[in-house]
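Structural characterization, general
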Amino acid sequence: MSKGLPKRSENYSEWYNELVKKADLAENSAVRGCMVIKPYGFSIWEKMQRALDDMFKETGHTNAYFPLFIPKSFLSKEASHVEGFAKECAVVTHYRLKNDPDGKGVIVDPEAKLEEELIVRPTSETVIWNTYKTWVQSHRDLPILINQWANVVRWEMRTRIFLRTAEFLWQEGHTAHATRKEAEEETSQMLDIYAKFAEEWMAVPVIKGSKTANERFAGAEDTLCIEAMMQDGKALQAGTSHFLGQNFAKAFDVKFQDKSGNLEYVWGTSWGVSTRLMGALIMAHSDDLGLVLPPKLAPIQVVIVPIYKGEEQLEVISEKVKPILKNLKAKGISVKFDDDDQARPGWKFAEYELKGVPVRMAIGMRDLENNVVEIARRDTLTKESVSLDGVEEYISDLLEKIQCNIYDKAIDFRKNNTHEVNSWDEFLVKIEEGGFLLAHWDGTSETEEKIKDLTKATIRCIPFDSKEEEGVCVFSGKPSSRRVIFARSY
RNA sequence: CGGGGUGUAGCGUAGCCCGGUCAUCGCGUCUGCUUUGGGAGCAGAAGGUCGCAAGUUCGAAUCUUGCCACCCCGACCA
């Protein structure tokens, strides 16, 4: 482990790449655009999965699994859906290899060509709706509330670890309902869950809103999203929830008989968050010393570093630490006692800072004499001496404080980097400074496109909470009734 | 797919312009002793098809050509 991370202020993306590697979250793999998620990184993802999965279950969803491969013909059934994904699909054409006749390794057996080529799922709407068709006949079969945890593949031209990889892990919820209203409610309920997760677990404040037509999911009638701001001022879409209308029901002929005996098309939703959230988590809180993890998602919440000379002192300290470990664990706090003799305290301090462990306790003979322990916070980098009596309570309160503090910090950052702009000149200046711009927009795709071409900024969302307000489009001067959020994004 | 860059020990690098004891240095690893309150010190040791292939040459990490991989910037996207 070499020391030192690039500075965020000097090269943000290099800082990010190095941090991901040095904190042992993930690394690039032999396959271009794909990543190896390492144990430390994966355990954060597992914590995210657990929290989200619990929330899905609480709202009546169950998990299931649909296949990785999709018949090519399925993709072409929903016109806009094909258009959205066709350019980035991996295609399976053969099912067998054979030894190269020239003796060099293996080749694809030309004899073993598939009759119908298979697409590696970029998302599963098509297989799932093709299945729902057989599951739904009556209104009694509805709603269907299913989620799956899976990997998907989108053949991206440019990839970035966690933020955009060719293969990524995610969950995709796919629900079917009898009424438009119910499907719409589901769509917004799931968005609320994502927002709650982002804010309460990840400590990342998000803005809820809907996407413009340009940014909408291919195949959806409406796409809702949560948008977060990263420390470089760029926006990151952290989750999406789609109201599919009857688009997929019509494409796959999914009908049900309602109470009065009429045949109706089913209403659908789909919603997902991915390992991209790992990128959001990293970029929202971390600093030049390494990761800063919210306690609720930290694989190790507290690390105890003994400071000692010789076996005997370590013995004494270990004895004192034992009940603390036990009590913290009893409170559901994950704690590690690092008595590894191979590394010195200073090295450990730096290492756990790099890995974002929220609380560090250092305990040596000097502390024992005074019945105290030194407690250091990762988020503020402050240290203080705390009495050993009732230290477990103290830690448990501190973890909550840290969770709140990093959320507050992120919210302040967003506030300081969000600006209302009212003229095109102002827009051009502010967009270079980064952050979110609240501006009036005339509602047309043409204007949105032009602004994107000129500034690389897109409309991240039309926020739900934006107030009705008369104004004129920042670009075209046409009338507008509410502000939207413009930003450069990941 | 365009434009730029990089490829030398597990990791990070010097050397490349101007071919010849040049394979450099740091981290890490191993051994021993001393250390332990912010990335330890000393002594010793191991570790390399210089991305791959062909060519030029008496001689190639260095020059030429081709290929491969990765990174950055664009087009595309969660």
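Up top is the structure these notes are about.
Residues numbered from 1 in each chain as written. Chains lettered and ligands numbered in written order. Predicted model: local features only at pLDDT ≥ 70, side-chain atom pairs only at ≥ 80, totals over all residues. Heavy atoms only, no water.

This brings us to helix α13 (residues 424-433). Residues of α13 that are buried: W424, F427 and I431. Angular distribution of buried residues about the axis of α13 spans 45 degrees; they occupy a single face of the element. Exposed and facing more than 90 degrees away from the buried side of α13 are D425 and E432. Contact partners of the buried residues in α13: β23 (436-440), α14 (445-455) and β27 (483-487). The positive-phi residue at the C-terminal boundary of α13 is G434, with phi of around 85 degrees. (Buried < 20%, exposed > 50% of the residue type's maximum accessible area, 1.4 Å probe, protein only. Helix = DSSP H or I, 4+ residues; strand = E, 2+ residues; numbered from the N terminus. Arc of directions from axis to C-beta. Contact = heavy atoms within 4.5 Å.)

Turning to the protein's contact with RNA strand B, a few remarks are in order. Taken together, 37 residues form the shell around RNA strand B, and within it R158, R164, R276, E353 and D367 come nearest. Protein-proximal atoms of RNA strand B, defined as those within 4 Å of the protein, fall in sugar or phosphate at a share of 39%. At 3.1 Å, a side-chain N or O of E156 approaches a sugar or linking oxygen of RNA strand B. With respect to RNA strand B, the backbone of G346 contributes an N or O atom lying 3.4 Å from a sugar or linking oxygen. Sorting the residues of the surface near RNA strand B by element identifies α10 (345-354), β19 (359-364) and α11 (365-370) as the ones contributing at least two each. Of all the elements, α10 adds the most residues to the surface near RNA strand B, at 7 residues. (Near = heavy atom within 4 Å. Polar contact = N/O pair within 3.5 Å; in protein donor to acceptor, adjacent residues only side chain to side chain.)

All right, on to helix α12 (residues 391-416) then. In this model, α12 (26 residues) spans 36 Å end to end at C-alpha, consistent with the 38 Å of a helix rising 1.5 Å per residue. Inspection of α12 places V391, E392, I395, S396, L398, L399, I402, Q403, I406, A410 and R414 among the buried residues, and these make up the whole buried set. (Expected span 1.5 Å × (residues − 1).)

What follows deals with the sheet that holds strand β16 (residues 267-274). Taking strand neighbours across the sheet as the criterion, the 11 strands line up as β3-β9-β10-β16-β13-β12-β11-β24-β27-β23-β22 in an open arrangement whose pairing is mixed. A strand with exactly one partner marks an edge of an open sheet, and here the two such strands are β3 (62-63) and β22 (418-420). The pairing of strand β11 (residues 207-210) with strand β12 (residues 222-229) spans 4 bridges and is antiparallel. Bridge assignment links S210 to a residue of β12, and that residue is L224. On the sheet, helix α5 (residues 125-135) packs against β9 (144-153), β10 (167-177), β13 (235-245) and β16 and is oriented at approximately 30 degrees with respect to β10. Packing of helix α8 (residues 276-285) onto the sheet brings it into contact with β13 and β16, and relative to β13 it is tilted by some 145 degrees. (Pairing = 2+ DSSP bridges. Axes fitted to C-alpha atoms, helices over the stretch in contact; angles between N-to-C directions.)

The grouping of E311, E312, E315, D339, D340 and D341 at the surface amounts to a negative patch. Mapped onto the fold, D340 is located in the loop between β18 (335-337) and α10. (Patch = residues over 30% accessible without salt bridge, like charges linked within 9 Å, V, L, I, M, F, W, Y side chains within 5 Å. Areas by Shrake-Rupley, 256 points an atom, 1.4 Å probe, with all protein chains shown as cover. Salt bridge = Lys/Arg side-chain N within 4 Å of Asp/Glu carboxyl O. Lys, Arg positive; Asp, Glu negative; His and termini not counted. Charge placed at Lys NZ, Arg CZ, Asp CG, Glu CD.)

Now for the pairing of β23. Within β23, 4 of the 5 residues are buried, leaving the element largely enclosed by the surrounding structure. Alignment of β22 against β23, held across 3 bridges, turns out to be parallel. Of the residues in β23, the one forming a bridge with H419 is L437. Chirality of the crossover, the property in question, places the unit of β22, α13 and β23 among those that are right-handed. (Right-handed = clockwise from strand over helix to strand, strands pointing away.)

You can see Q231 is positioned in the loop between β12 and β13. As a C-alpha pair, Q231 and N422 span 191 residues in sequence and 24 Å in three-dimensional space. Setting aside chain neighbours within four positions, we find Q231 in contact with R8, Y12, W15, I282, M283, A284, H285, S286 and F413. Looking at Q231, its side chain comes within polar contact range of the main-chain oxygen of M283, at 3.2 Å. For Q231, the side chain forms a polar contact with the main-chain oxygen of A284, separated by 3.5 Å.

Closest axis-to-axis distance for the helix α9 (residues 310-330)/α12 pair is 10 Å, and the angle between their directions is 45 degrees. Our classification of the angle between α9 and α12 gives oblique. Seen from above, α9 lies across α12 with right-handed handedness. Two secondary-structure elements touch here, α9 through P323, I324, N327 and L328 and α12 through V391, E392 and I395. (Parallel < 35°, antiparallel > 145°, perpendicular 65-115°, else oblique. Left-handed = near helix turned anticlockwise from the far one by under 90°.)

Quick look at the layout of surface pockets now. Within this model, the largest pocket holds a volume of roughly 1,700 Å³. If you go around the largest pocket, you meet 50 residues; those closest to its centre are E156, R164, Q237, R276 and Y490. Broken down by secondary-structure element, the contributors of at least two residues to the lining of the largest pocket are α4 (79-85), β10, β13, β16, α8, α14 and β24 (458-463). (1 Å grid on protein atoms, 1.4 Å probe; cavity = no way out; pocket = protein on both sides within 12 Å on 5 of 7 lines; lining within 4 Å. Points joined across faces, edges and corners; volume = space filled by probe spheres on them.)

Time to look at the nonpolar core. One finds Y16, L25, M48, F162, M202 and M230 to be the most contacted residues of the largest nonpolar core, which totals 60 residues. Among the elements that line this core, the one with the most residues is helix α2 (residues 39-58), at 8 residues. Two domains share this core, each providing at least three of its residues, namely domain 1 (12-285) and domain 2 (300-400). Apart from residues no more than four positions distant in its own chain, Y16 is found in contact with R160, I161, F162, L163, G279, I282 and M283. (Core = buried A, V, L, I, M, F, W, Y, C linked by side-chain atoms within 4.5 Å. Domains from an automatic or database assignment.)

Topologically, T455 is positioned in helix α14. In this view, T455 contacts W424, F427, L428, I431 and R488; residues no more than four positions away in its chain are not counted.

All right, on to the environment of L169 then. Of note, L169 is situated in strand β10. Overall, L169 belongs to the partly exposed group, its relative accessible area being 23%. Considered as a pair, L169 and S274 are 105 residues apart in the sequence and their alpha carbons are 5.7 Å apart. Excluding residues that lie within four positions of it along the chain, L169 makes contacts with I37, F42, W45, A150, N151, S274 and T275.

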